[in-house]
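Structure at a glance
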Amino acid sequence: MWQDWFFRRRRKPPSTAAQDNVERARSGSRQRLTLRFHAETAQTASRMQSSSADVDWSRQPSIYKVYPSTARLPLTEQIDCTFPDTLDVLQHWWPRPADTQPPAAWNVETLSRLCYYAYGPTAQQTLPGATLTLRAAPSAGALYPAELYVAVRGATGARNGIYHYAPGEHALELLRPADWLAWLAHAAADLPAVAEADAVFAISSVWWRTAWKYGPRAYRYCLQDCGHLAGNVALVAAALGYTAVSYTHLTLPTSDLV
């Protein structure tokens, strides 16, 4: 099981007293910096009033990232499906019971449902002077700094490759064709759950999309938004009968993939 591998890998060799002292000092320094950041970015009535007055709405960036020169895979419009209640999904998340329904067929329709119910546009909200397009995942200020990527292998109707999900079009933009799952497994220290996966979702964040409005506190919001999106991906995958594993520590090669 991949859990056994994970915990074996986390075991550390015996350390010396000097190494322990250095690690404690580093840990204490990180803790002090974290507490300082939280104190300096805490929401208070005065800070909220001053920050609202300083917002320059003319600087707001687009909430959509587009790769204009890439091939597009329009996702199916037939995205409706019957999902179990969220609490039922959470109750049977791990391990999956033996009587769980088999996974949905691995094809472009399943990809469409995964992307749409994780991060697709679900509603519009009309405000004075603006109309907000809301998505399946919540976002601070509806600014949506998170971006969703997926490495696909063996899905009927979709080429193997790494895609960017374009929620404004409900389409996948092909960034790198070919099977990249082995490369990603290596980046994840050969984690079996990645090597054996049908797809690997990756989440990034466009910091300025939130920072233009919220300043240093945007760091909190971007992490929060990415967490919401990761949770959605895992829940939708589980609802479709797949097992989702979250892994946050990757060691990437020097050259950027995207």
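Here the structure is shown first, and the text comes after it.
Notes on the structure in this doc start here. (Residues numbered from 1 in each chain as written. Predicted model: local features only at pLDDT ≥ 70, side-chain atom pairs only at ≥ 80, totals over all residues. Heavy atoms only, no water.)

1. Points about the pattern of salt bridges
Tallied over the full model, the rule gives four salt bridges. Here Glu 173 and Arg 72 are joined by a salt bridge, their closest N and O atoms 2.5 Å apart. Taken together, the residues Glu 173 in strand β6 (residues 171-177) and Arg 72 in strand β1 (residues 71-74) connect sequence positions 101 residues apart. For Glu 173, a relative accessible area of 0% gives the class buried. For Arg 72, a relative accessible area of 30% puts it in the partly exposed group. (Salt bridge = Lys/Arg side-chain N within 4 Å of Asp/Glu carboxyl O. Helix = DSSP H or I, 4+ residues; strand = E, 2+ residues; numbered from the N terminus. Buried < 20%, exposed > 50% of the residue type's maximum accessible area, 1.4 Å probe, protein only.)

2. Points about the sheet that holds strand β7 (residues 199-205)
One open sheet accounts for five strands, arranged β1-β6-β5-β4-β7; its pairing is antiparallel. Each having just a single partner strand, β1 and β7 make up the two edges of the open sheet. Neighbour-to-neighbour, the strand axes of the sheet open up by a mean angle of 30°, direction not taken into account. Across four bridges, β1 lies against β6 in antiparallel orientation. Note on β6: the bridge partner recorded for Leu 73 is Leu 172. Packed on one face of the sheet, helix α5 (residues 108-119) meets β1, β4 (146-152), β5 (161-166), β6 and β7 and runs near 160° to β4. Along the sheet face, helix α9 (residues 218-239) touches β4 and β7 and points at about 165° away from the line of β7. (Pairing = 2+ DSSP bridges. Axes fitted to C-alpha atoms, helices over the stretch in contact; angles between N-to-C directions. Contact = heavy atoms within 4.5 Å.)

3. Overview of the packing of aromatic side chains
Scanning the entire structure with this criterion turns up six aromatic pairs. Residues Tyr 116 and Tyr 117 carry aromatic rings whose centres are separated by 5.2 Å and whose planes lie at 85° to one another, so their mutual orientation is edge-to-face. Judged by its relative accessible area of 23%, Tyr 117 falls in the partly exposed class. When the ring of Trp 180 is compared with that of Trp 183, the centres are 5.9 Å apart and the planes differ by 80°; the resulting orientation is edge-to-face. Overall, the relative accessible area of 23% leaves Trp 183 in the partly exposed class. Directly above the ring of Tyr 119 sits Arg 135, whose terminal nitrogen or CZ lies 4.7 Å from the centroid. (Phe/Tyr/Trp six-rings, centres within 6.5 Å; stacked < 30°, edge-to-face > 60°. Lys NZ or Arg CZ within 6 Å of the ring centre and 35° of its normal.)

Read these as spatial facts, not as claims about activity.
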